[in-house]
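Report on the structure
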Amino acid sequence: MLWTCAAMLLAMLPHLMRLPILLGVFATSAVIWRAVAAWRHSKPLPTWFRLALTGVAIVAVLSIFQSIIGRGAGSGLLCVMSGLKLLETYRRRDIFICLCLSYFIITIEFLFSQSLATTAWALLAGLTVTAALLNAEDRTAKRGSRQHFKKACLLLLQAIPITAVLFLLFPRLASPIWGAPNSGEARTGLSKTMSPGSISELFIDDSPAFRVTFDGPRPEPQDSYWRGLVMWDYDGFTWERSWAFSRTPVHFEDRPRPSYRYTVTLEPTDQPWLYTLDTPIEVPDNSFLTTDLQLYQSELVSQVLSYSAASIQGFVVKPEFSEIGRRAGLQLPDGYNPKTLALGAEWRSELGDDQAIVRRALNWINSDPFYYTLTPPPLGRNAMDDFLFNTREGYCEHYSSAFVVLMRAAGVPARVVTGYQGGSYNDIGDYLMLRQSDAHAWAEVWLGEGWVRVDPTSAIHPSRVLGGLGGALPASRPSFTSDFWGQFGKSWDAVRNFWNETFLKFRTGDSSSSLSAFGLDQFDQRELSIIMSIAIGLLLGVTLLTLVRKGLPIKSDPARQQWDRFTHRLKRAGMTIPECMGPRHLAAQATRQFPDRAEEIQNLTNTYVALRYGHPEQSPQLAEFARAVAGFQVTKQVK
Amino acid sequence: MATNQVRDPALAGDWPAWLRRFLPTLLGGRRNESLPIEIHRKRILTLPTKRGVLFGAMLFVLLVGGLNYANNPALLLTFLLGAMGLVSLLHGFRNLLHLQVVALRSQPVFAGQPLHLEITIVSPNARPRYGIRLGSGEKAPVTDIEGGGQKEIQFEYPTTRRGWLKLSRLRLFTEYPMGLFVAWTWIDPAGRHLVYPAPEINPPPPPPALGFNEGHAVVSGDEDLVGFRDYRAGDPPRQIAWRASARIDRLMTREVATPRSLERVFDWQELTGMDSEGRISRLTAWVLASARDESPFTLRLPDRTLGPDAGTPHLHRCLRELALYRAPSQSRDSAAESRS
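Just so you know, these numbers come straight off a predicted model, no measurement behind them. (Residues numbered from 1 in each chain as written. Chains lettered and ligands numbered in written order. Predicted model: local features only at pLDDT ≥ 70, side-chain atom pairs only at ≥ 80, totals over all residues. Heavy atoms only, no water.)

1. Some remarks on the overall build of chain B
Stated precisely, the cut-off is as follows: Where helices and strands are cited, they refer to DSSP runs of H or I of at least four residues and of E of at least two residues respectively, numbered from the N terminus. Classification of residues uses two cut-offs on accessible area relative to the type maximum, computed with a 1.4 Å probe and protein chains only: under 20% is buried, over 50% is exposed, and between them is partly exposed. Contacts: residue pairs with any heavy atoms within 4.5 Å of one another. Here, Shrake-Rupley sampling with a 1.4 Å probe gives the accessible areas, and only protein chains in the shown set may cover a residue.
Broken down by element type, chain B carries eight helices and 17 strands. Burial statistics for chain B: of 340 residues in total, 48% are counted as buried. Sequence-distant contacts in chain B: of pairs separated by 6 or more residues, those separated by 24 or more amount to 65%. Accessible surface, chain B as shown: approximately 17300 Å² in total, 54% of it carbon and sulfur.

2. Looking at a nonpolar patch on the surface
Formally: Exposure above 30% relative accessible area and the absence of a salt bridge qualify a residue for a patch, where like charges join within 9 Å and nonpolar side chains (Val, Leu, Ile, Met, Phe, Trp, Tyr) within 5 Å. Here a salt bridge means any side-chain nitrogen of Lys or Arg lying within 4 Å of a carboxyl oxygen belonging to Asp or Glu.
Taken together, Trp485, Phe488, Trp492 and Val495 of chain A make up a surface patch of nonpolar side chains, about 450 Å² in accessible area. As for its position among the elements, Phe488 of chain A is in helix α13 (residues 484-504).

3. Looking at helix α3 (residues 50-68) of chain B
The cut-off we apply is this: Helix span, expected: 1.5 Å multiplied by one less than the number of residues in the helix.
The end-to-end C-alpha distance of α3 of chain B, which contains 19 residues, comes to 27 Å, matching closely the 27 Å that a straight helix rising 1.5 Å per residue would cover. Taken together, the buried positions of α3 of chain B are occupied by Arg51, Gly52, Phe55, Met58, Leu59, Leu62, Leu63, Gly65, Gly66, Leu67 and Asn68 of chain B.

4. Description of the packing of aromatic side chains
All names here are of chain A. The line we're drawing: Between 30 and 60 degrees the pair is tilted, below 30 it is stacked and above 60 it is edge-to-face, where a pair is any two Phe, Tyr or Trp rings, Trp via its six-membered ring, whose centres lie within 6.5 Å.
In the structure shown here, the tally under the stated rule is 31 aromatic pairs over all chains. For the pair Trp226 and Tyr262, a centre-to-centre distance of 5.3 Å together with 80 degrees between the ring planes defines the contact as edge-to-face. Highlighted residues: Trp226 in strand β3 (residues 225-234) and Tyr262 in strand β5 (residues 260-266), separated in sequence by 36 residues. The class for Trp226 is buried, based on a relative accessible area of 0%. A residue is classified by how much of its surface remains accessible, and Tyr262, at 3% relative accessible area, is buried. With a centroid separation of 4.9 Å and 65 degrees between ring planes, the pair formed by Phe566 and Phe632 is classed as edge-to-face. With Phe566 in helix α16 (residues 558-572) and Phe632 in the segment after α19 (622-631), this pair connects stretches of sequence that are 66 residues apart. The two residues Phe566 and Phe632 agree in class, both being buried.

5. Considerations on the interface of chain B and chain A
Worth spelling out the cut-off: Buried area, as used here, totals the accessible surface that two parts lose on assembly, with accessibility defined by a 1.4 Å probe and the loss added over both.
If you look at the interface, chain B gives 50 residues, while chain A gives 61 residues. A per-residue breakdown of the area chain B buries against chain A is headed by Tyr69, Asn72 and Phe79 of chain B, which together make up 13% of the total. At the boundary of chain B and chain A, one finds one salt bridge. A salt bridge links Glu137 of chain A to Arg51 of chain B; the nearest nitrogen and oxygen atoms lie 2.9 Å apart.

6. Some thoughts on the sheet that holds β5 of chain A
Residues and elements named next belong to chain A. Selection criterion: In this analysis, strands are considered paired if DSSP registers two or more bridges between them. In this analysis, axes come from line fits to C-alpha atoms, helices being fitted only over the stretch in contact, and the angle between any two N-to-C directions falls in the range 0 to 180 degrees.
Spatial strand order, β8-β11-β5-β2-β16-β15: six strands in an open sheet with antiparallel pairing. Since the sheet does not close on itself, it has two edges, and those belong to β8 (280-282) and β15 (424-426), each with one partner. Strand-to-strand twist of the sheet, defined as the mean angle between neighbouring strand axes without regard to direction, takes the value 40 degrees. Note that β5 and strand β11 (residues 305-311) share seven bridges and pair antiparallel. In the sheet register, Arg261 faces β11, and the bridge partner there is Ala310.

7. Side note on the pattern of salt bridges
Residues and elements named next belong to chain A. If you walk through the whole model with that rule in mind, you get 24 salt bridges over all chains. With a closest N to O distance of 2.4 Å, Glu444 and Arg227 form a salt bridge. Within this pair, whereas Glu444 is found in strand β17 (residues 439-447), its partner Arg227 is found in strand β3, the two being separated by 217 residues in sequence. The class for Glu444 is buried, based on a relative accessible area of 3%.

Quick look at the structure:
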């Protein structure tokens with residue numbers, strides 16, 4: 001019983017770290033109570049009390065999660081119910097049900113995290129639950145727990161080949177039967193709106209956003225801009241995407257050859273947009289490139305996703321609806337930021353040329369005391385006025401927002417782009433790693449033929465960068481140092497990338513899957529299933545033979561072994577030999593039955609008797625006897 | 001109390017021969033095997049238990065969920081658990097393989113009492129066997145056998161009639177290691193076990209010891225007189241010495257030395273008006289009572305006479321004869337009892 005409690009606790013561990021405190025405490029105390037009760041042989045709790053606890057549990061889950069459907073609520077309910085089930089487990093059958101529930105709990109964890117660490121924990125927890133199962137099945141209670149654990153490990157090792165075959169060959173579903181689990185919890189990452197101050201918490205988050213492997217050259221760090229969302233609409237504080245432009249597909253008049261081809265492995269975001277290198281021109285088939293060059297797919301990215309694309313640097317896409325785009329790029333809300341509007345108008349009248357206005361703005365940022373800091377003072381209602389004329393402290397969101405407002409005020413169509421910038425190259429895994437702390441916001445202005453990227457944050461004078469390297473100026477992102485921890489960090493991330501690429505992405509039947517290594521990628525799913533069944537049957541047979549052979553009979557002496565071989569051949573030829581027949585008797589009967597081999601039989605028997613019963617110094621050589629027996633052939637007599 | 005599952009012997013043996021040839025193991029084709037019985041691979045059957053089915057259902061649900069979400073780690077765990085279940089099937093099979101049943105012993109009991117049997121199982125190779133059980137169900141006795149060693153399992157078998165008892169098939173099974181699959185085998189060890197007749201409850205007292213002159217009361221002269229003693233309640237009136245009692249105004253009885261030949265005789269023919277079984281049970285009761293008193297007796301049956309003798313071996317000989325006695329006209333004995 002203690003084993004069962006320990007196994008269930010181990011299974012619930014990751015859930016407890018994620019569940020609300022109340023439910024976690026509930027489940028844990030139920031398990032611990034049961035363990036203590038088992039140790040002290042207390043009586044079970046009365047039924048009414050348990051029913052009351054069940055009611056309380058359901059009410060708690062409902063009130064916290066507002067439903068019992070969904071990942072979070074489901075896992076919470078499962079943990080709590082398993083704990084309650086444990087409280088009423090006093091028979092062997094109930095123990096089995098509890099252990100099955102533990103297996104469930106372990107597997108449910110994979111809905112939340114599929115990392116290498118989680119998988120390793122799951123294997124360990126599964127092993128413990130299996131050991132508890134073996135312990136429950138041991139009715140004589142004479143075998144120790146360590147023996148059960150070793151047996152569970154042995155079962156696991158013997159099960160590995162069959163598991164590999166199943167995993168590689170089992171047919172997968174082309175599309176889900178029912179939808180992806182809704183998370184109920186927020187993921188980190190960029191959101192679909194931007195307002196100055198909204199992504200500050202991302203700058204301290206070093207968790208990976210996505211990894212990119214390049215098929216060919218890599219962009220320079222200062223060109224490493226990864227587009228996410230393009231925001232047009234400003235209400236005085238928040239930037240949002242344009243409803244119309246986000247649904248209009250892009251149209252390339254002449255598509256140039258891309259300079260970079262790459263594959264992005266995106267960590268789950270629970271959002272539908274994908275990131276591409278500026279400027280994308282080739283995108284995956286099942287995705288949608290909008291006219292403002294955002295990339296969307298139909299479902300939320302709730303699992304690690306890999307996709308390939310191609311981009312070209314410095315290409316100005318000629319937009320389709322230029323008039324509409326220009327007008328949308330000049331939209332400004334009324335009644336906000338009058339000083340900024342005045343400055344913009346002043347520049348327009350003074351300079352008149354779009355390019356000059358842009359240069360003027362960038363020079364202004366560079367020369368005037370604008371500071372970069374991750375902890376700027378808050379802004380008031382006229383946020384841009386406050387920023388540009390009062391505080392002059394902020395980070396990329398402030399600068400890009402202010403720049404775009406200023407450009408719009410000066411009559412230059414502009415828009416905000418959010419995404420990631422920079423990244424660090426992991427030479428062990430040969431990929432570029434973009435972290436959440438690389439999140440960035442920049443601007444695009446309409447110059448000449450189309451939209452051109454301008455990053456106002458990079459115009460800040462380097463001497464005015466205050467603290468915080470995350471999300472800072474391009475090309476200032478430090479790469480990993482070559483000390484031990486840097487190497488270790490790189491290796492570990494390379495392992496995680498390998499895990500994502502090879503294991504999590506695996507689908508039976510994919511043409512690019514690792515099955516091609518076995519030459520099996522020509523078969524379709526049905527044929528693969530047949531191959532799988534045959535392979536499993538073979539493996540079971542081999543395992544059985546291995547198991548059965550290990551328990552050899554206790555070795556008799558070698559002479560006896562040869563004699564047994566001899567009698568076995570006689571038996572195969574049709575002679576019936578009772579158990580206790582001595583060698584001489586046997587020889588006599590054999591001679592009667594096979595008169596043509598009489599002499600050989602006699603010689604063999606004499607040799608055997610001498611070997612076995614005679615004096616050691618007079619006995620013939622065992623090897624000769626063995627050879628003689630090997631050469632003895634007798635066929636079944638046809639009567 | 002460990003009770004073997006009792007199968008009606010008639011059920012197992014009446015399949016037509018051609019069917020038995022095709023499904024020997026299932027229909028108990030092996031009858032009356034001489035010990036030692038070796039359980040080789042053709043004898044062992046396996047099936048999932050109820051728990052195994054539940055485990056399979058759980059795996060199915062996990063599989064469907066994993067396939068739906070294309071969650072590779074979940075699929076890996078599901079496949080791993082399924083594979084471990086399959087491998088445990090092989091382990092269960094191997095657990096029974098090559099076991100040898102070498103002995104089946106019992107002590108005789110009276111009809112109606114459960115027969116206590118002890119079956120000895122040997123593990124011939126160096127591998128220990130765990131969780132070997134006899135019978136079926138939750139309460140079947142369980143034992144572990146260490147490698148190369150042997151163990152005895154005690155179990156009981158109900159008895160109803162006297163005579164030779166042939167056990168129906170016994171079921172050796174194991175649910176080792178995970179309880180998901182059960183591997184079992186049927187064994188039908190040869191050998192019969194003796195069941196003594198049930199003694200009559202509250203029998204009348206056994207006939208008194210008779211002297212040389214059968215049929216007459218024991219009143220002898222003074223040849224055998226040993227002395228007088230005080231009258232005790234229950235002394236037969238014949239024994240009272242009236243003249244001596246009159247002399248001393250107290251009742252006295254004659255004490256007579258019991259001659260060696262004055263032993264009890266239990267005669268079949270004397271029990272008139274009873275059927276055979278009634279006679280046998282009454283004779284059994286008398287025989288037991290005499291053995292308790294340690295007094296010698298003679299048992300006279302229509303076909304043989306045993307005694308006069310006293311002591312345990314004589315008792316068991318008599319009980320055996322009573323158990324096996326068959327009147328010439330009886331035809332109702334079952335085939336199991338008639339094998340001798």
